Amino acid sequence: MTVEGSPDRFTETRPMEYSDNNKTVFIGLLAFCFFTKSLTGAYTKSTISQIERRFEIPSSTVGIIDGSFEMGNLLVITVVSYFGAKFHRPKIIGAGVLLMGIGTLIMALPHFIMSRYMYDTAAAHTNDPANFTMSSTFSSDTQNTVQQLVSGCLKGEVESSPTWVIVLFGNILRGIGEAGIGPLGMSFIDDYARPGNSAFYIGCLHTFGVIGPIFGYSLGSLCASLYVDIGLVDQESVTITPQDSRWVGAWWLGYVVSGLLTLLAALPLWFLPRALPENPQTSKAYHPSNEHKHTLSITEIAKDFWPSIKHLLTNRIYLLYLVSSVLAFNAFAITITYTPKYLEQQFGQSASKTNFLIGVISIPAVALGMFVSGWIMKRFKLGLLGSARLVFFTSVTSLVCIIPYFALSCENIDVAGVTVPYQRSIELQDISCDLLNSCNADCGCPDFLWDPVCGQNGVTYISPCHAGCNSSWGTRQNMTFHGCTCIQSWGLTSGNSSAVLGQCPRESSCTKMFYIYLALQSLAFFVYCLGTVPFFLISLRYCLICGIPAPICFGALIDMTCLKWGQNKCGGRGACRMYDIETFRYLFLGLVSSLQAFSYTLLWIFTTQIKRKVQNDEQMSKDIELQYPVLCDTEQENYVK
């Protein structure tokens with residue numbers, strides 16, 4: 001008989017002593033990890049347009065950067081999920097979180113090794129608020145600026161290598177580090193928690209995972225409102241506004257903040273024990289006899305790996321659902337990656353405002369949908385067939401909600417030589433040849449220049465030079481340009497031929513459509529997320545590859561809609577300054593809805609296959625009961641006992 005307080009007694013009850021505290025600490029740290037990784041992921045989506053402008057790269061390249069997270073994740077997710085569960089899971093998770101933090105900080109590194117952000121503007125050539133003649137001086141200054149920028153590539157004033165690769169590398173590290181957090185963390189909780197508490201703990205983790213994007217987009221909104229070189233330049237000297245297509249916010253600042261938060265969550269995980277049994281009698285993972293059990297080698301663990309994969313991939317019903325999930329996730333990846341950019345271009349909103357409203361309107365709708373989805377599953381006790389039907393219904397309903405998006409549109413702004421001719425009576429023929437006209441032919445305006453001004457005729461000109469202006473008044477953002485011959489050629493008198501810095505504002509109805517779009521999008525997100533819990537119930541995370549091609553391919557399609565490209569310092573093509581928003585709208589909405597339509601067609605076939613399988617299983621059970629009634633009664637009595 002074991003005496004209370006004896007060494008044997010102490011050894012048997014020791015897991016009980018540290019179990020509750022360590023379990024609480026582990027769940028708290030894991031929840032914080034879910035929060036930081038979703039915060040960083042949402043912040044990355046919010047900086048897409050900022051990164052594109054800062055590095056002067058096209059959308060297809062930005063798509064590669066965005067998809068690099070899934071690339072890194074795909075490299076190790078299967079191995080980590082399978083082998084990691086056999087070893088010290090808290091330490092493996094801690095190593096992954098540490099790698100995520102390092103990768104996030106690396107993504108901010110280019111800001112500290114690059115030169116200051118430079119943009120060409122006519123306001124930089126004028127420091128005297130008095131009248132200033134520009135007819136020849138502006139042209140020569142512009143040409144000198146062009147020569148300085150081009151020669152800078154030879155003098156070493158520009159980066160010798162594409163520094164966006166550093167951002168790509170950091171995002172790959174984030175993906176590698178994130179691979180084991182979800183699978184290993186949830187399996188760890190499932191092993192060492194009571195069956196009734198496991199679902200509650202996992203639900204808490206997903207709750208923190210949904211809260212993260214709210215803070216991520218809010219952080220993105222704050223950083224986008226700050227100039228990229230904050231603290232290094234006089235803010236009053238900045239002549240562009242957040243609505244300008246040349247504006248670059250402090251994109252790097254959010255990566256520093258989220259990276260430090262991630263590192264903060266990583267270190268304590270290394271000090272947790274390997275096992276956290278809640279109760280020696282009821283725990284699924286702890287048994288006293290297991291303390292001296294032989295530790296399996298990697299070879300012994302790996303022998304069942306490929307048979308498990310083969311068994312999974314030869315399941316026809318699962319493959320059908322997997323293909324459906326691939327299409328749906330591609331549509332989802334395009335939506336979450338390019339929605340901020342779409343709203344900026346379509347409705348003329350700043351990145352700061354767009355990110356803020358997505359964070360406070362759309363993301364809470366997602367959280368509410370996931371909560372209601374869990375309640376539906378628990379309330380109606382849905383099985384596999386019921387889950388498939390719920391996913392199909394919510395998916396189709398969310399697709400219907402997309403249809404009104406096509407009607408919520410704004411027209412392209414009138415830009416002389418790009419979307420409208422310089423004179424009303426002349427039709428626009430060739431965009432590349434229409435940037436110069438008789439009214440500005442003697443000004444020597446470079447084609448790549450983008451310093452838009454709004455004329456009194458309501459037409460935007462890509463620079464004061466292209467507007468034919470010959471004088472200016474004021475400084476910085478308050479500059480006005482006068483004597484603009486191209487504005488006079490529109491039919492206005494010389495007294496009405498002035499222009500101000502910046503693009504002409506869009507029609508007032510555009511802002512109203514922007515808010516309507518956000519409201520409908522939130523409704524669609526809510527309905528779609530009603531099927532979130534059953535979606536996770538009947539699928540596994542082998543759909544990581546879905547997040548790789550979608551941003552890259554759609555980024556290339558976006559580049560095809562560009563009407564006016566910028567130019568980088570070395571003379572190559574830079575970021576796009578203006579898109580054909582009508583074509584952009586049809587590509588964005590059309591591709592997303594088409595992918596969803598194909599996906600939901602396969603989902604319907606999947607649901608019918610599940611229904612047929614359930615009916616066959618029920619019929620088989622009935623046949624067995626009819627053939628072996630005595631055996632079935634005996635088994636039922638034994639089951640009751």
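What you see is a predicted model, and the numbers here were worked out from it, not measured in a lab.

Novice: Could you clarify how one ought to interpret the packing of aromatic side chains in this entry?
Specialist: For any two aromatic rings, the description comes down to two numbers: the centre-to-centre distance and the angle of the planes. Overall, the coordinates contain 24 aromatic pairs when judged by the stated rule. Aromatic side chains Y579 and F584 sit 5.7 Å apart centroid to centroid with 50 degrees between the ring planes, which places their arrangement in the tilted category. Comparing Y579 with F584 shows no difference in burial state: the two are buried. The rings of Y338, Y342, F347, Y405, F514, Y515, Y517, F554, Y579, F584 and F588 are connected pair by pair, giving a single aromatic cluster.

Novice: When you look at the pattern of salt bridges in this model, what are you seeing that I'm missing?
Specialist: Pairing between side chains becomes possible if they bear opposite charge and their charged atoms approach one another. Per the stated rule, a full pass over the model turns up eight salt bridges. Where E344 meets R53, a salt bridge forms, and the shortest distance between an N and an O atom there is 3.7 Å. One end of the pair, E344, is in helix α12 (residues 316–347); the other, R53, is in helix α2 (residues 48–54), and 291 residues separate them in sequence. Of the two residues examined, E344 and R53, each falls in the buried class. Between E56 and R577 there is a salt bridge whose closest N-O contact spans 3.0 Å. Remark: R577 occurs in strand β8 (residues 573–579) and E56 occurs in the loop between α2 and α3 (59–83); sequence separation between them is 521 residues. Residue classification places E56 among the buried residues on the basis of a relative accessible area of 14%. Look at the salt bridges and you will find they share partners, linking D244, R246 and D451 into a network.

Novice: In this structure, what is going on with empty space enclosed by the protein? I would like to understand it.
Specialist: Summary: where empty space remains is shown by rolling a probe the size of a single water molecule over the atoms. For the structure shown, the criterion picks out two cavities of 30 Å³ or more. In terms of lining residues, the largest cavity is bounded by S49, E52, R53, S245, K341, Q345, C576 and Y579. Residue assignment for the lining of the largest cavity shows that the elements contributing at least two residues are α2, α12 and β8. A per-element tally of the lining of the largest cavity places α2 first, with three residues.

Novice: What is the right way to look at a nonpolar patch on the surface in this model?
Specialist: On the surface, L109, F112 and I113 cluster together into a nonpolar patch covering about 300 Å² of accessible area. Of note, F112 is situated in helix α4 (residues 89–113).

Novice: Just checking my understanding: could you explain the state of the cysteines for this structure?
Specialist: Each disulfide is one covalent bond, formed between the sulfur atoms of two cysteines. The full count for this structure, using the stated rule, is six disulfides. Put simply, C410 and C510 are joined by a disulfide, and their sulfur atoms are 1.8 Å apart. Taking the sign of the S-S torsion, about 115 degrees here, the bridge from C410 to C510 comes out right-handed. Of the two residues, C410 sits in the loop between α14 (384–402) and α15 (431–434) while C510 sits in helix α17 (residues 509–529), which places them 100 residues apart along the sequence. Like C510, C410 is buried.

Novice: Explanation requested: the confidence of the model for the protein in the structure shown.
Specialist: The predicted coordinates ought not to be read in detail in places where the model reports low pLDDT. Residue-level pLDDT values for the protein average 79, and 77% of them are 70 or greater. Ranking the elements of the protein by mean pLDDT puts strand β1 (residues 132–133) last with 40 and helix α9 (residues 251–266) first with 95. In this model residues 1–18 is a low-confidence stretch, pLDDT under 50, and it forms 15 contacts with partners more than four residues away in sequence or in other chains. Predicted confidence is poor over residues 635–641, with pLDDT under 50, and the contacts of this stretch with residues over four places away or in other chains come to zero contacts.

Novice: Can you help me understand the packing of α3 against helix α6 (residues 164–178) in this one?
Specialist: Helices that pack against each other are described as a pair by the angle of their axes relative to one another and the distance between those axes. Here α3 crosses α6 at 30 degrees, and the two axes come no closer than 7 Å. The angle between α3 and α6 places the two elements in the roughly parallel class. Here α3 and α6 pass one another in a crossing that is right-handed. Facing T61, I64, I65, D66, S68, F69, G72, N73 and V76 of α3, the residues of α6 in contact are W164, V167, L168, N171, I172, R174, G175, I176 and E178. Residue classes in the contact of α3 with α6 are distributed as nine nonpolar, six polar and three charged.

Novice: Sorry, what's going on with the packing of α4 against α6 here?
Specialist: Contact pair α4 / α6: the axes reach a minimum separation of 7 Å and the direction vectors enclose 170 degrees. One finds that α4 runs roughly antiparallel with respect to α6. Here G96, V97, L99, M100, G103, T104, I106, M107, L109, P110 and I113 of α4 lie close against α6, whose contacting residues are I166, V167, F169, G170, N171, L173, R174, I176, G177 and E178. Its residues assigned to classes, the contact of α4 with α6 comprises 13 nonpolar, six polar and two charged.

Novice: Explain α14 to me, please; I cannot follow it from the model alone.
Specialist: Because an α-helix packs 3.6 residues into every turn, residues spaced three or four apart end up facing the same way. For α14, built from 19 residues, the straight-helix expectation of 27 Å at 1.5 Å per residue is met to within 8% by its first-to-last C-alpha distance of 28 Å. Along α14, the residues classified as buried are L385, S387, A388, L390, V391, T394, S395, S398, L399, C401 and I402.

Novice: Would you explain the pairing of strand β7 (residues 562–567) in this entry?
Specialist: Side chains on a regular strand alternate between the two faces of the sheet. Bridge analysis of β7 against β8 gives four bridges, and the strand direction is antiparallel. Bridge pairing links K564 to M578 in β8. Following β7, the chain reverses through five residues before pairing antiparallel with β8; G571 in that reversal takes a positive phi of roughly 95 degrees.

How each quantity is defined
- Residues numbered from 1 in each chain as written.
- Predicted model: local features only at pLDDT ≥ 70, side-chain atom pairs only at ≥ 80, totals over all residues.
- Heavy atoms only, no water.
- Phe/Tyr/Trp six-rings, centres within 6.5 Å; stacked < 30°, edge-to-face > 60°.
- Buried < 20%, exposed > 50% of the residue type's maximum accessible area, 1.4 Å probe, protein only.
- Salt bridge = Lys/Arg side-chain N within 4 Å of Asp/Glu carboxyl O.
- Helix = DSSP H or I, 4+ residues; strand = E, 2+ residues; numbered from the N terminus.
- 1 Å grid on protein atoms, 1.4 Å probe; cavity = no way out; pocket = protein on both sides within 12 Å on 5 of 7 lines; lining within 4 Å.
- Points joined across faces, edges and corners; volume = space filled by probe spheres on them.
- Patch = residues over 30% accessible without salt bridge, like charges linked within 9 Å, V, L, I, M, F, W, Y side chains within 5 Å.
- Areas by Shrake-Rupley, 256 points an atom, 1.4 Å probe, with all protein chains shown as cover.
- Disulfide = S-S within 2.5 Å.
- pLDDT = per-residue confidence, 0-100.
- Contact = heavy atoms within 4.5 Å.
- Axes fitted to C-alpha atoms, helices over the stretch in contact; angles between N-to-C directions.
- Parallel < 35°, antiparallel > 145°, perpendicular 65-115°, else oblique.
- Left-handed = near helix turned anticlockwise from the far one by under 90°.
- Nonpolar A, V, L, I, M, F, W, Y, C, P; charged D, E, K, R; others polar.
- Expected span 1.5 Å × (residues − 1).
- Pairing = 2+ DSSP bridges.

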